[in-house]
Amino acid sequence: MVRKEQLRRLSEVVWEIPRETRADMRVPARIYATEQLLEQILQDRSIEQLMNVATLPGIQQAAIVMPDVHEGYGFPIGGIAAMDLEEGVISPGGIGYDINCGVRLLVSELRFSEVEPRLEQLAKELYRAVPSGVGRGGQLKLSIRELDRVLEYGVQWALGEGYAEEMDLEYIESRGRLLDADADAVSREAKERGRDQLGTMGAGNHFVEVDIVDKVFDERIAEILGLFPKQVVVLIHTGSRGLGHQVATDYIRTMLSALPRYGIRLPDRELACAPVNSPEGKRYFAAMCAAANFAWTNRQLITWEIRQAWREVFGAAGGRLRVLYDVAHNIAKIEQHTIDGVSRRVLVHRKGATRAFPPEHPETPAPYRQVGQPVLIPGSMGTASYVLVGLPGSMEQTFGSTCHGAGRRMSRHAAKRQVEAEALKRELRMRGIVVQAGSVRGLVEEAPVAYKDVESVVDVVHRAGIARKVVRLRPIAVVKG
Amino acid sequence: MRSAAAGFSLHPHTADIRLQVWAPTLQELFCAAAQGLAEVLVPEGCQRPAAPLRRWYRFTVHSPDETALLVDFLSMVLLGSYLRRALFCRVRFLEFSPTSLQARLMGYSVEGFQQDVKAVTYHEAQIRLSERGYEAWLVLDV
């Protein structure tokens with residue numbers, strides 16, 4: 001285990017393990033955390049895992065973790081690693097099994113007082129409209145040919161099929177389509193797993209949540225984003241479902257077999273990787289982009305289902321549900337970053353980390369360009385979530401990235417031992433939160449006690465100058481599998 | 001399919017599940033691992049099958065070594081469970097070597113699973129010799 005004495009404090013919330021700490025580290029390892037969060041982080045093996053990431057060929061500047069970091073497999077969850085395109089590697093483990101797991105925020109025109117009388121009905125309607133649960137399929141079962149179009153065109157496909165509004169695309173990271181996607185790089189098995197899963201939430205920590213804007217930290221930016229106090233919004237958290245899981249499984253296996261060919265030695269097999277420009281690396285990148293397109297389309301189909309449910313409950317008086325933004329937090333992207341004073345294209349792995357581009361970045365939607373890209377940070381079930389915007393510090397310090405959530409601190413088993421389902425439901429109800437959950441077990445496993453305090457996580461990135469707090473959201477209804 | 005000396009146990013992990021398996025022979029170790037995975041997907045689903053074992057799934061795997069073979073084998077069991085929407089309780093090996101196998105799984109249809117296992121990971125996976133014969137720890141991403 002890493003000890004606190006091995007860390008150098010770079011600022012109030014940034015810590016570093018020098019490169020010299022381990023002979024095989026190519027760059028230092030950096031941790032964003034308060035002293036208190038750091039104490040928690042050091043209790044698992046996430047920092048050893050971060051040091052392993054620092055050994056990967058072609059890694060640039062530093063291996064970085066956000067304050068919501070926790071132990072994963074291979075890479076820690078909450079990690080960022082940028083790789084040189086010529087000398088560096090791409091690692092499926094640096095993205096995670098749930099490719100393009102991410103968050104979308106829909107904003108309504110209604111205030112809490114207008115929604116409250118029909119909140120129970122809304123929660124039931126959302127539970128009915130958005131299929132959830134383990135391995136559960138949705139209303140659509142696509143042919144492999146049609147699925148290939150989803151994999152290559154992403155949300156553009158959904159627009160053509162009537163599941164999206166033209167304006168939605170503008171407010172999705174990469175407009176919901178990565179152009180490097182190649183459906184032929186995705187296995188038949190992965191496609192079979194995914195063909196009936198569009199528009200489904202899945203289980204685990206995935207959810208649809210109705211929130212209200214509870215606190216405004218920055219009125220000017222909130223107004224530009226179209227957020228106001230007591231406004232009702234809907235948060236969606238899910239990813240690429242079984243299709244993405246299978247893509248990752250397939251390519252970790254491929255890359256493990258290819259390691260000797262490239263002379264790569266790893267401290268952990270789950271770091272399996274291949275040179276970015278190798279046949280295996282290129283093919284995985286094309287498959288990952290396809291799975292990312294599938295995930296964005298999945299959140300788009302869920303948006304369509306939510307809009308149907310909203311109309312069912314509120315009719316024309318419900319107004320429009322607009323996409324505020326959609327961000328990926330498990331992905332790798334080729335981006336332009338300044339390294340040692342030189343602007344270069346690098347492959348940024350984000351595993352449990354969110355892109356946070358600053359004001360004036362060309363990839364930020366034009367209406368938000370003056371304030372920065374919105375960053376959506378979901379809290380644990382029943383606790384606050386946050387909307388932030390990216391700051392210039394993210395480009396200077398973290399390859400345009402920030403945290404992704406509260407970060408798990410307790411195992412599911414421990415949560416089940418500690419939390420009693422009925423008591424949890426009672427507690428949520430007392431706090432005015434309506435719950436629609438398919439499984440009591442799932443509910444207990446996601447109890448707030450199992451997670452870090454999201455507020456302290458968000459405060460770290462705010463204080464570090466990589467993202468600015470705009471509003472806090474408070475849940476009023478939770479829908480999950 | 002496996003002797004009384006073979007078995008598995010489930011252990012907590014911060015975000016995932018750790019599966020410990022042991023057995024006197026490699027083949028029995030693989031069977032115990034498949035049963036451990038089934039237990040995660042549907043607790044007690046193989047102790048008390050809800051239907052006769054009429055669903056089957058057959059596959060071949062080649063891997064660089066026996067530990068990778070165990071992970072890849074379990075990944076295929078997981079894939080078969082999702083594709084066939086079935087819980088597989090029995091394994092028969094048609095071929096078996098430390099780097100390749102052909103297996104036939106027998107199980108029954110289920111409505112759904114209780115735990116979403118995203119993947120079987122190679123993280124810290126290692127087959128070791130112990131006083132119980134072969135032993136391995138695996139991390140399931142849930």
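Note that this is a predicted model, so its numbers are computed, not measured. (Residues numbered from 1 in each chain as written. Chains lettered and ligands numbered in written order. Predicted model: local features only at pLDDT ≥ 70, side-chain atom pairs only at ≥ 80, totals over all residues. Heavy atoms only, no water.)

Draft legend 1. Looking closely at the interface of chain B and chain A. In this assembly, 33 residues from chain B lie in contact with 38 residues from chain A. Buried surface at the junction of chain B and chain A, summed over both partners, amounts to about 3,000 Å²; 53% is from carbon and sulfur atoms. Interface area lost by chain B to chain A is led by Thr-14, Lys-118 and Tyr-122 of chain B, which between them contribute 23%. Between Arg-253 of chain A and Asp-72 of chain B there is a salt bridge, with its nearest N and O atoms 3.3 Å apart. One can count 10 residue pairs in polar contact (both at pLDDT 80 or more) joining chain B with chain A. Looking at the side of chain B that touches chain A, the elements with two or more residues in it are β3 (55–62), α2 (66–84) and β6 (119–130) of chain B. Top element by residues in the side of chain B that touches chain A is α2 of chain B. It accounts for 7 residues. (Contact = heavy atoms within 4.5 Å. Buried area = accessible area lost by both parts, 1.4 Å probe. Salt bridge = Lys/Arg side-chain N within 4 Å of Asp/Glu carboxyl O. Polar contact = N/O pair within 3.5 Å; in protein donor to acceptor, adjacent residues only side chain to side chain. Helix = DSSP H or I, 4+ residues; strand = E, 2+ residues; numbered from the N terminus.)

Draft legend 2. How the structure looks around the sheet that holds β6 of chain B. Residues and elements named next belong to chain B. If you walk across this open sheet you meet the 4 strands as β1-β2-β7-β6, and the pairing is antiparallel. The open sheet has two edge strands with one neighbour each: β1 (7–12) and β6. Averaged over all adjacent pairs, the angle separating strand axes in this sheet is 20°, with direction ignored. Relative to β6, α2 is tilted by about 135°, and along the sheet it contacts β2 (17–23), β6 and β7 (133–141). (Pairing = 2+ DSSP bridges. Axes fitted to C-alpha atoms, helices over the stretch in contact; angles between N-to-C directions.)

Draft legend 3. Fine view of the sheet that holds strand β5 (residues 100–109) of chain B. All names here are of chain B. Strand order in the open sheet formed by 3 strands is β3-β5-β4, with antiparallel pairing between adjacent strands. The open sheet has two edge strands, β3 and β4 (86–97), and neither has a second partner. Averaged over all pairs of adjacent strands, the angle between strand axes in this sheet comes to 20°, irrespective of strand direction. In this structure, β4 lies alongside β5, joined through 10 bridges in antiparallel fashion. Within β5, the residue paired with Phe-96 across the bridge is Leu-101. Each of β4 and β5 is contacted by helix α1 (residues 26–41), which is oriented at about 160° to β4, the strand it contacts most. Against the sheet, α2 contacts β3, β4 and β5, and its axis sits at roughly 150° relative to β3.

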